[in-house]
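Residue strings, one per chain:
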Amino acid sequence: MKVVCDRSILSDAFQMALGVVNARSPKPALQCVKIESTKKEVRLLATDLEVGIRVSLTEGMDVSQGGEALLPGDRVGAILKELTSEKVTLAVEETSAVLETEDSRFAIMGDNPASFPSVPDFGKDGATELEAEALRGMIRRTIFATAREAARYALNGVLWEIDGKEVRLVATDGHRLALAKGECKGGKSAGKVSAIVPTKAMQLIERSIQDAETVEVQIGEKELLVKAGRVVIYSRLVDGHFPKYEDVIPKDSDKKAKLDTAAMLSAVRKASLLTNEESRGVKLTFRAKQLVLSSRAPEMGEAKVTMAAEFEGTDDEFDVAFNPYFLIDVLKVVAGETVTLQLKSANKPGLIREGNHYVHVIMPVNIL
Amino acid sequence: MSFAELQHQPSAAAALEAALAAERVPHAFIFCGPAGVGKALAARLLARTLLCERPKTGRGKHPTVAACGSCPQCLLCDAGTHPDLNWFAKPADRAELPISLVTRRDDSPQGLTINESVQLKPMQAACRVTVIEDAEEMNASAANAFLKTFEESPQGSYLVLLVTSLDTLLPTIRSRGQLVRFRSLPHRFVADLLARDTGLGADEAAVLARFSEGSIQRAAALARSDFLALRRDVLAALPAAGRAEALVIADAVMEWASRQAGEQQTTGKKVEENELRRTHLKRALDLMGSLLRDALVAATAGPEADLINADATPLVQRIAQRLAPDALERGLRRMIEYQTYVDRNVHNALLIENACLHMADLLAPLRP
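Residues numbered from 1 in each chain as written. Chains lettered and ligands numbered in written order. Predicted model: local features only at pLDDT ≥ 70, side-chain atom pairs only at ≥ 80, totals over all residues. Heavy atoms only, no water.

Some points on the overall build of chain B
Turning to step 1, where the next piece is worked out: Tallying secondary structure elements over chain B gives 16 helices and seven strands in all.
Turning to step 2, where the next piece is worked out: Taking the principal axes of the C-alpha coordinates as reference, chain B spans close to 75 × 50 × 35 Å.
Turning to step 3, where the next piece is worked out: Going through the 368 residues of chain B one by one, you find that 52% of them count as buried.
Turning to step 4, where the next piece is worked out: The contacts in chain B between residues at least 6 apart in sequence include a share of 68% that link residues at least 24 apart.
Turning to step 5, where the next piece is worked out: Total accessible area computed for chain B in this model is approximately 16800 Å², and 50% of it derives from carbon and sulfur atoms.
Turning to step 6, where the next piece is worked out: Seen as two clouds, the 42 positive and the 43 negative side-chain charges of chain B have centres 4 Å apart. (Helix = DSSP H or I, 4+ residues; strand = E, 2+ residues; numbered from the N terminus. Buried < 20%, exposed > 50% of the residue type's maximum accessible area, 1.4 Å probe, protein only. Contact = heavy atoms within 4.5 Å. Areas by Shrake-Rupley, 256 points an atom, 1.4 Å probe, with all protein chains shown as cover. Lys, Arg positive; Asp, Glu negative; His and termini not counted. Charge placed at Lys NZ, Arg CZ, Asp CG, Glu CD.)

Have a look at this one:
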């Protein structure tokens, strides 16, 4: 393989690939980045066996001979970063590589490219197209609700569902559930498909599609692939069953409060200051035009915060209590100025809605 | 036979082969047997066959299944980088297998955890295999975090637990895996392998093999730690030693164990060094006990006795003639008891001094 590359393009792509490499993997081949080149393009591949990344470069690459190489990620990344010249020549003989500029030359020992697990590539057909910013928003509004360390491993991931023109992301930890909906912009829909994607991959996708305008998504039997420009993110899927989330979303809530998002967030934050491990609950008392949030921690004291709210559904005073941290988590990610909180009774889940595209269910807590 | 490489484990090989040939492979195996007798090798062979794309079946009285050795899955297995074969073991610097290896936590190492390895869909092959060495060293919280995964591992996810004893395995884990027993290897086989791998002479290799309890791992460890030199010194000094000389021998033993521990540790952590020193002290106690054991065997079985110290038969005979069998038995019991004290963290130097003094007192009739 012999390629004359634009150094900064190659270096940026390499850093992106390095974000996935496990530098302390017990399998030395996995500490490497694989470089493949054909006449037309140069591809960088990296995987930590959970997620993978594939960066395709066409601009600034002058390939005189195709081939492949498996090179130690952190070393090559550091060299490319440190070099100052505009161009760098990469030549590969068998498993070792030479990086050369006008003033420097690095001979690097590589590994056998055949020992690198192949990272699935984006397929030719059946991709769903989404707006990148919309997808990032959906990820941000669901990912925090995934479980950590749950014995039911499926809850540690985010459920993807693509159904015709609609894309849904769902996350739950058993105490709360977040459902974000989005519209497909185009592409061929593959009928109804679903997959559970580990949280780590979701974070990587959110980070990697920042600069893109649109992304394409493919859900396969064993993997999820997200393509944004020259980058393809690969993720393995969780082999498990996601709870039937539709059943969790209450449909008979007859009480409704319209709340200013920022004011509510601030009020919950204040009220949460006097809660502790044992009494982790803030009581919400609704009146016609007013919401009172109160909390109490034994041996610490009590807090009471009042804010304006429009409440309908009953003329009586209505009490319900929630874990304030769950409320804070959701209020932080809601983009709109107002949210609606729908309720049934003090022991039924509360429903926070933002328009038609975001639903969040929170289980209430009992406080005496 | 695909398990031909697995020598001197006929029942284990037959059980695995039968399960593979009948395509009735249980989702979890527990390989139980002494360290260094082929459990890891068997796990590797099993995984290779399960992951292979084109396994070769042989018909006959005993149908066989073997990996083809040439498909991409086999090549990745041989390179040690197959993404669907994940191997976990107790870290060298830890006294137990921590929960951070089982489920993802803040202090988890980068890369897959055990639960992820089991629950993620395979990356390349049709199934995936997770091998856990030292599975009995899981602490209670790790075992509990693992249990749910173990009970409900998805279809096509195979687990192999390698243990040296079933005692410390949770009963709930023990009862959910198919047990395959591995036996100690014949001394001659261990000696041949040792001579081949270390370049030791046949006689020396034979001595170490007899001290190895049929474990290649232990024989190799003894070869690495200059056990032969220690044995030479102890056998020369012990029969003539009074109480004062016994203390000199104890010093030499302590010095040997500490030196070996210092040289062999790889993590620079005290936990590992102490563990290594304790292991070496147990081998030294083995050595003293072996003399008494041999004398006891020689006294009862006569000239055909199978002695550990076959090359020191005159000394063994002298002990057998001068000491009564019940004294030998008591002494032997004491040496075994001291070994358990080593694990219970009794002051090492005092323990070894006591053992040497006891031996000197016991062997007093040998002195003129």
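As for the pairing of strand S25 (residues 338-343) of chain A
Moving residue by residue along a regular strand, the side chains alternate between the two faces of the sheet.
Residue and element names in this part refer to chain A.
Turning to step 1, where the next piece is worked out: Within S25, five of the six residues are buried, which leaves the element mostly enclosed by the surrounding structure.
Turning to step 2, where the next piece is worked out: Bridge count for strand S19 (residues 255-260) against S25 is six bridges, and the pairing is antiparallel. Bridging across to S25, Leu-259 finds its partner in Val-339.
Turning to step 3, where the next piece is worked out: With three bridges joining them, S25 and strand S26 (residues 350-354) adopt antiparallel strand pairing. By the bridge assignment for S26, Thr-340 is matched with Arg-353. (Pairing = 2+ DSSP bridges.)

Digging into the sheet that holds strand S21 (residues 290-297) of chain A
Residues and elements named next belong to chain A.
Turning to step 1, where the next piece is worked out: If you walk across this open sheet you meet the four strands as S22-S21-S20-S24, and the pairing is antiparallel. For this open sheet the edge positions go to strand S22 (301-308) and strand S24 (318-322), each flanked by a neighbour on one side alone. Shown here is a sheet whose adjacent strand axes are inclined to one another by a mean of 20 degrees, direction ignored.
Turning to step 2, where the next piece is worked out: The pairing of S21 with S22 spans eight bridges and is classified as antiparallel. Opposite Arg-296, over in S22, you have Glu-302 as the bridge partner.
Turning to step 3, where the next piece is worked out: The sheet contacts of helix H5 (residues 261-272) involve strand S20 (282-287), S21 and S22, and relative to S22 the element is tilted by about 170 degrees. (Axes fitted to C-alpha atoms, helices over the stretch in contact; angles between N-to-C directions.)

Focus: the state of the cysteines
Residue and element names in this part refer to chain B.
Turning to step 1, where the next piece is worked out: Under the counting rule described, the total for this entry stands at zero disulfides over all chains.
Turning to step 2, where the next piece is worked out: Distance from the sulfur of Cys-52, which forms no disulfide, to the nearest cysteine sulfur (Cys-68) is 3.5 Å.
Turning to step 3, where the next piece is worked out: What makes Cys-52 buried here is its relative accessible area of 8%. (Disulfide = S-S within 2.5 Å.)

Here we look at the domain arrangement of chain A
Residue and element names in this part refer to chain A.
Turning to step 1, where the next piece is worked out: Domain annotation for chain A reports domain 1 (2-115), domain 2 (128-246) and domain 3 (250-362).
Turning to step 2, where the next piece is worked out: If you average the C-alpha positions of domain 1 and of domain 2, the two centres end up 29 Å apart.
Turning to step 3, where the next piece is worked out: Listed as interface residues are 13 residues of domain 1 and, on the opposing side, 11 residues of domain 2.
Turning to step 4, where the next piece is worked out: Taken together, the two surfaces of domain 1 and domain 2 that pack against each other cover about 1100 Å², and 54% of this comes from carbon and sulfur.
Turning to step 5, where the next piece is worked out: Linking domain 1 with domain 2 are two salt bridges.
Turning to step 6, where the next piece is worked out: Where domain 1 touches domain 2, the interface holds six residue pairs in polar contact (both at pLDDT 80 or more).
Turning to step 7, where the next piece is worked out: Taken together, the elements giving at least two residues each to the side of domain 1 that touches domain 2 come down to helix H1 (7-18) and strand S4 (51-57). (Domains from an automatic or database assignment. Buried area = accessible area lost by both parts, 1.4 Å probe. Salt bridge = Lys/Arg side-chain N within 4 Å of Asp/Glu carboxyl O. Polar contact = N/O pair within 3.5 Å; in protein donor to acceptor, adjacent residues only side chain to side chain.)

So, helix H6 (residues 324-333) of chain A
Structural remark: α-helix, 3.6 residues per turn; residues separated by three or four positions point the same way.
Turning to step 1, where the next piece is worked out: Among the residues of H6 of chain A, Pro-324, Phe-326, Leu-327, Ile-328, Val-330 and Leu-331 of chain A are the ones counted as buried.
Turning to step 2, where the next piece is worked out: Between the side-chain oxygen at the start of H6 of chain A and the backbone nitrogen of Tyr-325 of chain A there is a gap of 2.8 Å, and the oxygen is on Asn-323 of chain A.

Some points on the side chain of Glu-161 of chain A
Residue and element names in this part refer to chain A.
Turning to step 1, where the next piece is worked out: Its location among the elements puts Glu-161 in strand S11 (residues 157-163).
Turning to step 2, where the next piece is worked out: Its relative accessible area of 10% is what places Glu-161 among the buried residues.
Turning to step 3, where the next piece is worked out: Here the side chain of Glu-161 touches Tyr-245 through a polar contact of 2.6 Å, side chain to side chain.

A short note on the interface of chain A and chain B
Turning to step 1, where the next piece is worked out: Taken together, the 25 residues of chain A in the interface contact 27 residues of chain B.
Turning to step 2, where the next piece is worked out: Here chain A is connected to chain B by two salt bridges.
Turning to step 3, where the next piece is worked out: Counting every contact that joins chain A to chain B gives 13 residue pairs in polar contact (both at pLDDT 80 or more).
Turning to step 4, where the next piece is worked out: Here the residues of the side of chain A that touches chain B are counted per class, giving 13 nonpolar, four polar and eight charged. (Nonpolar A, V, L, I, M, F, W, Y, C, P; charged D, E, K, R; others polar.)

Things to note about empty space enclosed by the protein
Residue and element names in this part refer to chain A.
Turning to step 1, where the next piece is worked out: Enumeration according to the criterion identifies one cavity of 30 Å³ or more in this entry.
Turning to step 2, where the next piece is worked out: Empty space within the largest cavity amounts to approximately 40 Å³.
Turning to step 3, where the next piece is worked out: Every residue along the wall of the largest cavity is listed here: Leu-259, Met-264, Leu-327, Leu-331, Val-339, Leu-341 and Ile-352.
Turning to step 4, where the next piece is worked out: Going through the elements one at a time, H6 and S25 are the ones with two or more residues in the lining of the largest cavity.
Turning to step 5, where the next piece is worked out: By residue class, the composition of the lining of the largest cavity is seven nonpolar, no polar and no charged. (1 Å grid on protein atoms, 1.4 Å probe; cavity = no way out; pocket = protein on both sides within 12 Å on 5 of 7 lines; lining within 4 Å. Points joined across faces, edges and corners; volume = space filled by probe spheres on them.)

Section: the packing of helix H12 (residues 243-264) of chain B against helix H13 (residues 270-301) of chain B
Residues and elements named next belong to chain B.
Turning to step 1, where the next piece is worked out: Relative to each other, H12 and H13 sit at 140 degrees, their axes nearing to 8 Å. The pairing of H12 with H13 is recorded here as oblique in orientation. Note on packing geometry: the crossing formed by H12 with H13 is right-handed. Packed against H12, whose contacting residues are Val-253, Met-254, Trp-256, Ala-257, Ser-258, Gln-260, Ala-261, Gly-262 and Gln-264, the element H13 presents Glu-272, Glu-273, Leu-276, Arg-277, His-280, Leu-281 and Ala-284 at the interface.
Turning to step 2, where the next piece is worked out: Within the contact of H12 with H13, the residues separate by chemical class into eight nonpolar, five polar and three charged. (Parallel < 35°, antiparallel > 145°, perpendicular 65-115°, else oblique. Left-handed = near helix turned anticlockwise from the far one by under 90°.)

A look at the layout of surface pockets
Turning to step 1, where the next piece is worked out: Here the second largest pocket is characterised by a volume of approximately 1100 Å³.
Turning to step 2, where the next piece is worked out: In terms of lining residues, the second largest pocket is bounded by 40 residues, among which Arg-24 and Pro-26 of chain A together with Trp-87, Phe-88 and Leu-101 of chain B are the most central.
Turning to step 3, where the next piece is worked out: Of all the secondary-structure elements, those providing two or more residues to the lining of the second largest pocket are helix H2 (39-51), helix H3 (72-79), strand S4 (85-88) and helix H4 (99-102) of chain B.

Notes on the confidence of the model for chain A
Turning to step 1, where the next piece is worked out: Of all residues in chain A, 99% have pLDDT values of 70 or greater, and the mean over the chain is 91.
Turning to step 2, where the next piece is worked out: The lowest-confidence element of chain A is strand S14 (residues 186-187) of chain A, averaging 72 in pLDDT; the highest-confidence one is strand S27 (residues 358-362) of chain A, averaging 96. (pLDDT = per-residue confidence, 0-100.)

Comments concerning the domain arrangement of chain B
Reports of interface size often rely on the accessible area that becomes lost once the parts have come together.
Residues and elements named next belong to chain B.
Turning to step 1, where the next piece is worked out: As assigned here, chain B comprises domain 1 (3-181), domain 2 (185-216) and domain 3 (225-366).
Turning to step 2, where the next piece is worked out: On a C-alpha basis, the centroid separation for the pair domain 2 and domain 3 is 20 Å.
Turning to step 3, where the next piece is worked out: Across the domain 2/domain 3 interface, buried area totals approximately 750 Å², and carbon plus sulfur atoms make up 72% of it.
Turning to step 4, where the next piece is worked out: The largest share of the area that domain 2 buries against domain 3 comes from Val-207, Arg-210 and Phe-211, three residues that together contribute 73% of it.
Turning to step 5, where the next piece is worked out: Across the contact surface, domain 2 and domain 3 share zero salt bridges.
Turning to step 6, where the next piece is worked out: On inspection of domain 2 and its partner domain 3, the count reaches two residue pairs in polar contact (both at pLDDT 80 or more).

Considerations on the packing of aromatic side chains
Turning to step 1, where the next piece is worked out: This model, assessed by the stated rule, comprises eight aromatic pairs over all chains.
Turning to step 2, where the next piece is worked out: Plain terms: the ring middles of Phe-286 of chain A and Phe-311 of chain A are 4.6 Å apart, the flat faces sit at 15 degrees to each other, and that makes the pair stacked. Taken as a pair, Phe-286 of chain A in strand S20 and Phe-311 of chain A in strand S23 (residues 310-312) lie far apart in primary sequence, 25 residues in all.
Turning to step 3, where the next piece is worked out: Of the residues examined, Phe-286 of chain A reaches a relative accessible area of 0% and is grouped as buried.
Turning to step 4, where the next piece is worked out: You can call Phe-311 of chain A buried: its relative accessible area is 9%.
Turning to step 5, where the next piece is worked out: Look at Phe-146 of chain B and Phe-150 of chain B: their rings are 5.1 Å apart centre to centre, the planes differ by 35 degrees, and that puts the pair in the tilted class. With Phe-146 of chain B and Phe-150 of chain B both in helix H6 (residues 140-151), this residue pair falls four residues apart, about one helical turn. This pair shows no difference in class: Phe-146 of chain B is buried, exactly as Phe-150 of chain B is.
Turning to step 6, where the next piece is worked out: An aromatic cluster is built from Phe-286, Phe-311 and Phe-318 of chain A, whose rings are joined through pairwise contacts. (Phe/Tyr/Trp six-rings, centres within 6.5 Å; stacked < 30°, edge-to-face > 60°.)

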